[in-house]
Amino acid sequence: VKIRIDPDKCQGHARCFALAPELFAVDDYGQASVIVDEVPAELVERATLAIANCPEYAIERVGD
Amino acid sequence: MARTAPVSDWASDFDVLDPHYVADPFGVWDDLRATCPIAHTARRGSTWLPTRYEDVTAIAHDIGHFSSLKVAVIPMGGGDEGERQLEYGLPPISSDPPLHTWTRRLLLPWFSHQRVESYVPLTRELCRGLLDGFAGSGHADAAVDYAQQIPVRVIARILGVSSEMSDDFTGWVRDVLEFADDEARRSLGAEQLLEYFQSQLELRRRRPGDDLLSELLGTEVDGAPLDDGIVLGMAALVLIAGVDTTWSAIGSSLWHLAGHPEDQKRLGAEPALMATATEELLRAFAPVTMARVVTGDLDYGGCPMKEGDKVLMNFPAANRDPEAFDRPDAVLLDRAHNRHVAFGSGIHRCAGSNLARMELQVALEEWLHAIPSFALSEGSQVVWAGGQVRGPRVLPVVFP
């Protein structure tokens, strides 16, 4: 599973970082980024939670 | 305080300061959402009140049609020009891009995750000190003795001003936000707050420290120092936005827990729940409503909005929308899917949200550690404030 963040949608709520710091980083200005190429199997559920908790709908799964 | 007539029709004549609405707005929102769903009033100027998640977030994102130049929920009487006592308002909250963009970037690093982590020990120590003062007495006012005392002191530290001024800060912020309907009180509070910060700016100009005020004074944009009006507006904003809001969230959360012993037990037994619990309490009792001003006549969702009308960003009602949340009126401490907008949505997302979340979580952890079981004091009345910021101002609780 791959995920990406739309930088134009991200507003720095930092919910993704709070839920899955292994998958996301947030800079000093609140901009979040994905820090893994591939989401490890054991973290897929947390990636799904991050997607479901982003108030800006800024995170999405890439491909299937 | 100016009292308006009782409301008979919430869809066409709502009043956010109606005492029943302030104490319990949830049923009104449910009715409006199901039947209206964007209410209007002509009280205090033509104002619209969306209640659906979809509308609130869509309007928050449409910064072209809905400007942030006037964000006060209660406008000043006789036209709301007086709302902007400062030339630049309170940037970035009462600004649109481009002013919003660069002033916001100056503030954000002060409230980053890393920076907020460094404020945890101070916050924890503060909470423990307050609890030491009353945990043995069997009763407390959880709003006045606890919630109200926390955020103001953390903000004072960040701004670099004396926490001994906390009661004054709290008073001025309440004058501006909670007693906005009393023009004399509101103006005097704003005046005192600005005078205080003006004198602090003079001090810092001579002797800079490692605080936010000093940094803003030393900041250059396009080769020139910031205009004093901008520094003053930003400083006032950080205080105003950082005090009433989080204090209200802490108070509302304690109010909920006081009435739900099962949730007290559950949080005590499962501390890992605290992360989802604080998000859920923020969702259910989102304290803040901001306003927008319509930039030109438009029809939104069948509503004939006119240039200059206000729209209240009803984030608290959006958070109770059954279209967006399963069982919205139930507080589910382990709610896993929670796209709440307690901190707003779009480019004006609360710049202090990391700090607010930390303060709420630490305040609840320390309270439950010191007072694991408590209840509302029978026969005492809980007093709520509303309008721009909703939360309990008197919250008598008892504990064994």
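In this text the structure is predicted, and so the values were computed from the model without any measurement.

Colleague: Even after reading the chapter, I still don't get the overall build of chain A, so can you show me in this structure?
Modeller: When helices and strands are tallied, chain A shows 2 helices and 4 strands. Reading the secondary structure of chain A in the N-to-C direction produces β-α-β-β-α-β. By its C-alpha atoms, chain A is 30 × 20 × 20 Å across when sized along the principal axes. Of all 64 residues assigned to chain A, the portion counted as buried reaches 42%. At a minimum sequence separation of 6, the contacts of chain A that also span at least 24 residues come to 57%. Carbon and sulfur atoms make up 51% of the accessible area of chain A, which amounts to about 3300 Å² in all. When the 6 positive and 12 negative side-chain charges of chain A are each reduced to one mean point, those points stand 4 Å apart.

Colleague: Any chance you could explain helix α2 (residues 44-53) of chain A here in plain terms?
Modeller: For the α-helix, the turn length of 3.6 residues means that residues three or four positions removed from each other point alike. Where α2 of chain A is concerned, the buried positions are A47, A50, A52 and N53 of chain A. For α2 of chain A, the elements touching its buried residues are β1 (2-5), α1 (15-19), β2 (24-26) and β4 (59-62) of chain A.

Colleague: Sorry, what's going on with the nonpolar core here?
Modeller: Burial of nonpolar side chains together is a common tendency in soluble globular proteins. Residues and elements named next belong to chain B. Core analysis: the biggest nonpolar cluster contains 106 residues, and Y146, F197, W367 and F374 have the highest contact counts within it. If sequence neighbours within four positions are ignored, W367 has contacts with L131, F134, A142, Y146, L254, P372, F374 and V397. Counting 18 residues, the second-largest nonpolar core is a separate cluster that includes F66, V294, Y300 and V341.

Colleague: Help me understand the interface of chain B and chain A, please; the structure alone is not making it clear to me.
Modeller: Interfaces are frequently sized by the accessible area removed from exposure as the parts join. At the junction of the two partners, chain B supplies 23 residues and chain A supplies 18 residues. Taken over both partners, the interface formed by chain B and chain A buries close to 1800 Å², and the fraction arising from carbon and sulfur atoms is 47%. If you sort the residues of chain B by the area they bury against chain A, H113, R339 and R349 of chain B come out on top, with a joint share of 34%. Across the chain B-chain A interface, the total number found is 1 salt bridge. For the salt bridge of E279 of chain B with R15 of chain A, the shortest nitrogen-to-oxygen distance reads 3.6 Å.

Colleague: Hey, could you run me through the pattern of salt bridges in this one?
Modeller: Opposite charge on two side chains permits pairing when their charged atoms draw close. Residues and elements named next belong to chain B. All chains considered together, the criterion is met by 27 salt bridges over all chains. Between D211 and R204 there is a salt bridge, and its shortest N-O distance comes to 3.2 Å. Just as D211 is buried, R204 falls in that class too. The shortest N-O distance in the salt bridge between R393 and D244 comes to 3.5 Å. Of the two residues, R393 is situated in strand β13 (residues 391-394) and D244 in helix α12 (residues 228-259); the sequence distance between them amounts to 149 residues.

About the criteria used
Residues numbered from 1 in each chain as written. Chains lettered and ligands numbered in written order. Predicted model: local features only at pLDDT ≥ 70, side-chain atom pairs only at ≥ 80, totals over all residues. Heavy atoms only, no water. Helix = DSSP H or I, 4+ residues; strand = E, 2+ residues; numbered from the N terminus. Buried < 20%, exposed > 50% of the residue type's maximum accessible area, 1.4 Å probe, protein only. Contact = heavy atoms within 4.5 Å. Areas by Shrake-Rupley, 256 points an atom, 1.4 Å probe, with all protein chains shown as cover. Lys, Arg positive; Asp, Glu negative; His and termini not counted. Charge placed at Lys NZ, Arg CZ, Asp CG, Glu CD. Core = buried A, V, L, I, M, F, W, Y, C linked by side-chain atoms within 4.5 Å. Buried area = accessible area lost by both parts, 1.4 Å probe. Salt bridge = Lys/Arg side-chain N within 4 Å of Asp/Glu carboxyl O.

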